[in-house]
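The chain contents come next:
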Amino acid sequence: MPNKHNRSHHLSRRSFLRNIGLFTAGLAVSSTARANIKTPSFDKSLMLRNLHTGEALKTTFYSSGDYVSESLDNINYLLRDHRNNQIGQMDPQLLTLLHDLKNVLDTTNPFHVISGYRSPETNAMLSQRSNKVAKKSLHMQGKAIDIRLPGVDIKHLHQAALELQGGGVGLYTRSDFVHLDVGRVRQWGK
């Protein structure tokens, strides 16, 4: 006759293994179910005004869980190198950073753009004129923008951008703008 203690141990082990099997099956079902659930998406929009061309744009660049290609094309055109009209591809991560900055500042004013995309030729010319222009500027990769925001003090704009920790943030008080990029997190300027 089997030992009562061994029998209960055997049932516990069997019960344990059955429960593990059910748990594992539950995980598989849960992950499949999760894959079929669409997470709610939200729109990302921007209002931009190019100070060199006078052009303005209000657009939604992200909607229904994806980037809107026509909107991205319009942003690329607006942020082109105004010196030679070369159009670059602006990094969607930079656009998202601007969207987040707009939300943090709770503003409906358009960002005034001093510089968006910068062609290699323009960047070389500017870096020869000033040591404040990086020879390998992220503007040439569409990963940087120089902005100001009407109604928002430049130092407040700078502080809000720093708090987002989205990349490089430079403060240019004499020229009255803030540089944002999606490179490594760093800061400069007074």
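Structure first, text after, so check above.
This write-up is about the structure you can find in this document. (Residues numbered from 1 in each chain as written. Predicted model: local features only at pLDDT ≥ 70, side-chain atom pairs only at ≥ 80, totals over all residues. Heavy atoms only, no water.)

What follows deals with the sheet that holds strand β7 (residues 177-181). Taken together, 8 strands build an open sheet; the order of strands is β3-β2-β1-β4-β5-β7-β6-β8 and the sheet is mixed. Looking at which strands have only one partner, the edges of the open sheet turn out to be β3 (66-67) and β8 (186-189). Packing against the sheet, helix α5 (residues 154-164) makes contact with β5 (144-148), β6 (168-172), β7 and β8, and its axis sits at approximately 170 degrees to β6. (Pairing = 2+ DSSP bridges. Helix = DSSP H or I, 4+ residues; strand = E, 2+ residues; numbered from the N terminus. Contact = heavy atoms within 4.5 Å. Axes fitted to C-alpha atoms, helices over the stretch in contact; angles between N-to-C directions.)

On to the side chain of Asp-91, then. Note on placement: Asp-91 falls in the loop between α2 (69-78) and α3 (92-105). Reaching out from Asp-91, the side chain makes a polar contact with the backbone nitrogen of Gln-93 at a distance of 2.7 Å. Within the local environment of Asp-91, its side chain forms a polar contact with the side chain of Lys-143, the two groups lying 2.8 Å apart. Sequence-distant contacts of Asp-91, that is, excluding residues within four places in its chain, are made with Gly-142, Lys-143 and Val-182. (Polar contact = N/O pair within 3.5 Å; in protein donor to acceptor, adjacent residues only side chain to side chain.)

Glancing now at the nonpolar core. The tendency in soluble globular proteins is for nonpolar side chains to be buried as a group. In this structure, Leu-48, Leu-101, Ile-147, Leu-157 and Leu-180 are the most contacted members of the largest nonpolar core, which totals 33 residues. Sorting elements by how many residues they give to this core places α3 first, with 6 residues. (Core = buried A, V, L, I, M, F, W, Y, C linked by side-chain atoms within 4.5 Å. Buried < 20%, exposed > 50% of the residue type's maximum accessible area, 1.4 Å probe, protein only.)

Our focus in this paragraph is unusual backbone geometry. The residue Asp-106 is not glycine, and still its phi comes out positive at about 50 degrees. Position of Asp-106 relative to the elements: it lies in the loop between α3 and β4 (111-115). Of note, Asp-176 is a non-glycine position whose phi angle comes to about 60 degrees, a positive value. Here Asp-176 is to be found in the loop between β6 and β7.

Turning our eyes to something else, we now look at the layout of surface pockets. Here the largest pocket is characterised by a volume of approximately 720 Å³. Elements with a contribution of two residues or more to the lining of the largest pocket: β4, α4 (120-129), β6, β7 and β8. In terms of residue class, the lining of the largest pocket is made up of 9 nonpolar, 10 polar and 10 charged. (1 Å grid on protein atoms, 1.4 Å probe; cavity = no way out; pocket = protein on both sides within 12 Å on 5 of 7 lines; lining within 4 Å. Points joined across faces, edges and corners; volume = space filled by probe spheres on them. Nonpolar A, V, L, I, M, F, W, Y, C, P; charged D, E, K, R; others polar.)

What follows is about the pattern of salt bridges. One pass over the full model with this rule turns up 5 salt bridges. Where Arg-118 meets Asp-146, a salt bridge forms, and the shortest distance between an N and an O atom there is 3.8 Å. Taken as a pair, Arg-118 in the loop between β4 and α4 and Asp-146 in strand β5 lie far apart in primary sequence, 28 residues in all. Here the two residues Arg-118 and Asp-146 agree in accessibility, since each one is buried. For Asp-181, the salt bridge identified is with Arg-186, shortest N-O distance 2.8 Å. Relative accessible area serves as the criterion here: at 1%, Asp-181 is assigned to the buried category. Using a relative accessible area of 23% as the deciding quantity, one classes Arg-186 as partly exposed. (Salt bridge = Lys/Arg side-chain N within 4 Å of Asp/Glu carboxyl O.)

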